[in-house]
Amino acid sequence: MLPLLPSPPGRSLSPLTLVLAPLLALLLLLGGCSRGGQPPRGVLLDALSLQIQLTQGAIARALDLEAGGLPEVSRVRVEQQEAVAIGEGRGLHLSGRFDWRLPGDAIRVDSPFELYLQRGARGESWRLARPSGSSDGNSQDWITEPLPLPRKA
């Protein structure tokens, strides 16, 4: 049997409220733990924009074309997040969906994404990390690119 909690004067708490309140609190706590280390939205937008630019630049060089302008990235939805080793340090592997479009293009594309991010040494900056094969056949090598520092209001 559940212990009875004191109720406000003139009101009684229903048994359903007594059962659901602790469950709701537990769910909120667990939900908060899973997203605790997620980078700020601006970092995700910058990282996705940089990843598109790097991919677009590589394709343009391979085809001997001029790369387009900066992509417009919006509506980022992180679906999964996990801590990973990036070189000697720690990082985050994030996946989900986002909307984006190229300059001058009226069509907005909803695409899946996968990002690897590494926090700066002092915790003030972030780097986009990209796997680059393995030089020794045993461990993953990484290329990291700095992201812009967060803007202060």
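Position labels on residues start from 1 in each chain and follow its written sequence. pLDDT decides what is reported in this predicted model: residues at 70 or higher carry local features, side-chain atom pairs at 80 or more are listed and counted, and totals for whole chains, interfaces and linings draw on all residues regardless. Water and hydrogen atoms were dropped before computing side-chain values, which therefore reflect all heavy atoms in the structure.

Engineer: What exactly am I supposed to notice about the sheet that holds strand β3 (residues 109–119) here?
Structural biologist: Working definition: the strands of a sheet are paired by backbone hydrogen bonds and lie parallel or antiparallel to each other. Taken together, the five strands give an open sheet; going across it, the order is β1-β2-β3-β4-β5, and neighbouring strands pair in antiparallel fashion. Where the open sheet ends on each side, the last strands, each with one partner, are β1 (72–86) and β5 (142–146). Across the sheet, the mean angle from the axis of one strand to that of its neighbour is 35°, orientation sign disregarded. For two strands to be treated as a pair, DSSP must find no fewer than two bridges joining them. A run of H or I in DSSP becomes a helix once it reaches four residues, and a run of E becomes a strand once it reaches two; helices and strands are each numbered from the N terminus. Relative to β5, strand β4 (residues 126–131) runs antiparallel, the two being bridged by five bridges. Paired with Arg127 across the strands is Pro146, a residue of β5. Each of β1, β2 (89–101), β3, β4 and β5 touches helix α2 (residues 41–62); the most contacted strand, β1, lies at about 95° to it. Lines fitted to the C-alpha atoms define the axes, with helices restricted to the stretch that makes contact. Angles between their N-to-C directions range from 0 to 180 degrees. Pairs of residues are marked as contacts when any of their non-hydrogen atoms sit within 4.5 Å.

Engineer: Teacher, can you tell me more about the nonpolar core here?
Structural biologist: Nonpolar side chains in soluble globular proteins tend to end up buried together. Buried Ala, Val, Leu, Ile, Met, Phe, Trp, Tyr and Cys residues form a nonpolar core when they are joined through side-chain atoms within 4.5 Å. Only protein chains enter the accessibility calculation, which uses a 1.4 Å probe; a residue whose area is less than 20% of its type maximum is buried, one above 50% is exposed, and one in between is partly exposed. Val73, Val76, Phe98, Phe113, Leu117 and Leu147 are the most contacted members of the largest nonpolar core, which totals 20 residues. Mapped by element, the contributors of at least two residues to this core are α2, β1, β2, β3 and β4. Sorting elements by how many residues they give to this core places α2 first, with seven residues. Those residues in contact with Leu117, other than ones at most four positions away along the chain, are Pro39, Val43, Leu44, Ala47, Ile86, Gly91, Leu92, Leu94, Trp126, Arg127, Leu128 and Leu147.

Engineer: Would you explain the packing of aromatic side chains in this entry?
Structural biologist: Two aromatic rings, taken as a pair, are described by how far apart their centres are and by the angle between their planes. Two aromatic rings, drawn from Phe, Tyr or Trp (for Trp, its six-membered ring), form a pair once their centres lie within 6.5 Å of each other, and the interplanar angle then sorts them: stacked below 30 degrees, edge-to-face above 60, tilted otherwise. Tallied over the full model, the rule gives two aromatic pairs. Arranged with centres 6.0 Å apart and planes meeting at 75°, the rings of Phe98 and Phe113 form a pair that is edge-to-face. Of this pair, Phe98 sits in strand β2 while Phe113 sits in strand β3, placing them 15 residues apart in sequence. You can call Phe98 buried: its relative accessible area is 4%. We classify Phe113 as buried; its relative accessible area is 6%.

Engineer: Just checking my understanding: could you explain the pattern of salt bridges for this structure?
Structural biologist: Charged atoms that come close allow side chains of opposite charge to pair. Salt bridges are counted wherever a side-chain nitrogen of Lys or Arg sits within 4 Å of a carboxyl oxygen of Asp or Glu. A full pass over the atoms with the stated rule returns seven salt bridges. The salt bridge partner of Arg108 is Glu72, with a shortest N-O separation of 3.0 Å. Of this pair, Arg108 sits in the loop between β2 and β3 while Glu72 is found in strand β1, placing the two residues 36 residues apart along the sequence. With relative accessibility at 36%, the residue Arg108 sits in the partly exposed group. You can call Glu72 partly exposed: its relative accessible area is 36%. Between Asp99 and Arg77 there is a salt bridge, with its nearest N and O atoms 3.4 Å apart. Pair noted here: Asp99 is in strand β2 and Arg77 is in strand β1, with a separation of 22 residues, a long-range link. Take Asp99: its relative accessible area is 9%, and that puts it in the buried class.

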